[in-house]
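So you can see what is in the structure, the chains are spelled out below.
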Amino acid sequence: MERPMKKSNRYVSLVLLMWALVVVLVVFAADTVVVKIQTTQLRKSPQFFSQAVVALKAGDRLTRVSEENGWIQVKTAAGIVGWIHSSAVEIPKFNLLAMDKDMKTQTKASEVALAGKGFNKQVEESYRAKHGEVSFIWVDKMIAIKVLPVQIEDFLKKGKLGEFRGAK
Amino acid sequence: MRAARTYTLALVCLGLGLSLVGCSVVEQGVNVLNQTGQISDKDKDTLLKTGEALRSTFADIKEEEEYYIGRAVAALILSKYSVYNNDSLTQYVNIVGNSLALYSNRPEIYAGYHFLILDTEELNALAAPGGMIFITKGLLRRCKDEDTLALVLSHEIGHVCAKHGLQAIKKSRLLDVFKILGSEAAQRFAPAQLSQLTAIFENVLADIVGQLIERGYDRKYEYEADKLAVTFGAKTAYDPDGITRFLQTMVGDTSSAAGKGWFRTHPTPEQRIDKLKAEIAGLSSVPKLENVRTLRFKQYFSSLR
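The rules behind these values
- Residues numbered from 1 in each chain as written.
- Chains lettered and ligands numbered in written order.
- Predicted model: local features only at pLDDT ≥ 70, side-chain atom pairs only at ≥ 80, totals over all residues.
- Helix = DSSP H or I, 4+ residues; strand = E, 2+ residues; numbered from the N terminus.
- Contact = placed C-beta atoms within 7 Å.
- Buried ≥ 20, exposed ≤ 12 C-beta atoms within 10 Å, placed from the backbone.
- Core = buried A, V, L, I, M, F, W, Y, C linked by C-beta atoms within 7 Å.
- Arc of directions from axis to C-beta.
- Expected span 1.5 Å × (residues − 1).
- Pairing = 2+ DSSP bridges.
- Axes fitted to C-alpha atoms, helices over the stretch in contact; angles between N-to-C directions.
- Parallel < 35°, antiparallel > 145°, perpendicular 65-115°, else oblique.
- Left-handed = near helix turned anticlockwise from the far one by under 90°.
- Nonpolar A, V, L, I, M, F, W, Y, C, P; charged D, E, K, R; others polar.
- pLDDT = per-residue confidence, 0-100.

Glancing now at the overall build of chain A. What chain A contains, in helices and strands, is five helices and seven strands. Going from the N terminus to the C terminus, chain A shows its helices and strands as α-β-β-β-β-β-β-β-α-α-α-α. The long-range fraction of contacts in chain A, counting pairs at least 24 apart against all pairs at least 6 apart in sequence, stands at 56%.

If you want it as structure tokens, here you go:
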């Protein structure tokens, strides 16, 4: 019969696990970035008006290839290479070794759920159930207002703004 | 005792390790260990809980959490003000705002930047966390060209980028939240947890709304937002003097509209103009007004009633 693990042994194993985690984080995650915004696009070149290569969503993992002026060149698990703005991803603060080549971009449902812990939809629903007097109708309408990249590009061009400044 | 000390030491070391990487990366590392069979599901949960417990400040609030806080703050702002329902003008304000956001230091935000006009003559602009920004009709009337409107919006985008709203949250509330999250790794909250979190959420909203509407930001945040407004505006090629032109309309204004909202809580217009002039003088090149922008501004603003 297997003896139950002693309390001190359990502490030791936890210590080892924690160290293993730190090592894995440093080694495996060093060149990985994780999408932290709801949705975005991987772009062909490092600018917002560049052609979209593939759609990305919160939790997607990407391998960092290079960086340029706030943009990160990344590779998806499917091997698609493109650019993403650094404000769209969570970036490890230092960089040691290359990322696991077999890493999957598709995030498991459990990981998404854990990433969504904290003040989330469930907490909002609970708040709304308690505060019927606070309406979210206009908040949803506000969030539904869309400005397409092509509209911004046209607006900037006509207004001689951004990269189109000084244009005739 | 010795084991407990070792455990504490390990936690400290883990804390240092985790502080070097972000939340998603922690989850990812834990999953890698779990998938390769190096740790059990139970250990995975323990490590995730520890990761949550190590969050401690406003800077540790995740993008998605900021979004949900922002939605509720926006709902509370909208319970105090009516919306000015003018689709074409609202769309124009959204295009100007989103154009500026692209040249800010936070162009990508969880659910994007969104702008609404509030139907009041009060002079006010408010930025909820997560990029939901409000500007009053009264304030719009003071803008005489697109560059002035852009710089006012840029000031609000500055508040969002610097997370000034989140900084209004009392630290004790955040510690309470992170403690609850650290106690459970389940995918959905149990009723007792949810009720605790909802109560803290209410207090978080009160902290932010109190700061935004009643007390106003600390002056240092207002000056920082002014500075960011000039930076983002100039990067977009808007005339940064738009903001000083707007503030000039406020000098010596003792009307009741000016006495409420933004200007009750902000430093005086003269103080801000002085600092802004110095900021603009420090730019390597200062973009100028373009007539083509003022013309389209006047076209859209002709529908402002």
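Looking only at helices and strands, one finds 15 helices and three strands in chain B. In chain B, which comprises 305 residues, the proportion classed as buried is 52%. Sequence-distant contacts, at least 24 apart, represent 75% of the contacts inside chain B between residues at least 6 apart.

Residue and element names in this part refer to chain B. Val 73, Ala 74, Ile 135, Val 152 and Leu 153 are the most contacted members of the largest nonpolar core, which totals 98 residues. For this core, the element with the most residues is helix H4 (residues 63-80), which contributes nine residues. Setting aside anything within four residues of it in sequence, one finds Val 73 in contact with Ala 128, Pro 129, Gly 165, Leu 205, Ile 208 and Val 209.

Residues of helix H3 (residues 121-130) of chain A that are buried include every one of Val 123, Glu 124 and Tyr 127 of chain A, and no others. All buried residues of H3 of chain A project into a common sector of 100° when viewed along the axis, lining one side. Turned more than 90 degrees off the buried face of H3 of chain A, the exposed positions are Lys 121, Glu 125 and Ala 129 of chain A. Check the buried side of H3 of chain A and you find it contacts H4 and helix H9 (191-215) of chain B.

Residue and element names in this part refer to chain B. For helix H7 (residues 146-161), which comprises 16 residues, the first-to-last C-alpha distance of 22 Å matches the rise-based estimate of 22 Å (1.5 Å per residue) to within 8%. Of all 16 residues making up H7, 16 are buried, and the element is well covered by its neighbours. Once H7 finishes, Lys 163 follows within two positions and takes phi at roughly 55°, a positive value.

Next up on the list: the sheet that holds strand S1 (residues 114-118) of chain B. All names here are of chain B. Taken in spatial order, the three strands line up as S1-S3-S2 in an open sheet, and their pairing is mixed. Only two strands of the sheet have a single neighbouring strand rather than two, namely S1 and strand S2 (125-128). On average, each strand axis in the sheet is inclined to that of its neighbour by 20°, with strand direction left out of account. Most of the contacts of H4 go to S2, to which it runs at about 150°, and overall it touches S2 and strand S3 (132-136). Packed onto the sheet, H7 meets S2 and S3 and runs at close to 30° relative to S2.

Here we take up the packing of H7 of chain B against helix H10 (residues 219-236) of chain B. All names here are of chain B. Between H7 and H10, the shortest axis-to-axis distance is 7 Å and the interhelical angle comes to 120°. Judged by the inter-axis angle, H7 sits oblique to H10. Relative to H10, the crossing made by H7 is right-handed. For the pair formed by H7 and H10, the contact residues are Ala 150, Leu 151, Ser 154, His 155, Ile 157, Gly 158, His 159 and Cys 161 on the first element and Glu 224, Ala 225, Asp 226, Leu 228, Ala 229, Phe 232, Gly 233 and Thr 236 on the second. For the contact of H7 with H10, the per-class residue count stands at eight nonpolar, six polar and two charged.

Before going further, it helps to spend a moment on the confidence of the model for chain A. All names here are of chain A. A residue-level look at chain A finds 70% of positions with pLDDT of 70 or above and a mean pLDDT of 81. No element of chain A has a lower mean pLDDT than helix H2 (residues 109-115), at 43, and none a higher one than helix H4 (residues 137-143), at 98. Confidence drops under a pLDDT of 50 for residues 94-114, and excluding neighbours within four residues, the segment shows 39 contacts in the predicted structure.

Positionally, Leu 212 of chain B belongs in helix H9. For the pair Leu 212 of chain B and Phe 58 of chain B, spaced 154 residues apart in the sequence, the C-alpha separation amounts to 16 Å.

Here the focus is the packing of helix H5 (residues 149-158) of chain A against helix H5 (residues 87-102) of chain B. One can describe the packing of H5 of chain A onto H5 of chain B by two numbers: an axis separation of 10 Å at closest approach and a directional angle of 90°. Taken as axis vectors, H5 of chain A and H5 of chain B run roughly perpendicular relative to one another. For the pair formed by H5 of chain A and H5 of chain B, the contact residues are Gln 151, Ile 152, Phe 155 and Leu 156 of chain A on the first element and Ile 95, Asn 98, Ser 99 and Leu 102 of chain B on the second.

Residues and elements named next belong to chain A. For Gln 51, the location among the structural elements is in the loop between strand S2 (39-43) and strand S3 (52-57). Look at Gln 51 and you get exposed, because 9 C-beta atoms sit within 10 Å. As a C-alpha pair, Gln 51 and Val 65 span 14 residues in sequence and 19 Å in three-dimensional space. Apart from residues no more than four positions distant in its own chain, Gln 51 is found in contact with Arg 43 and Lys 44.

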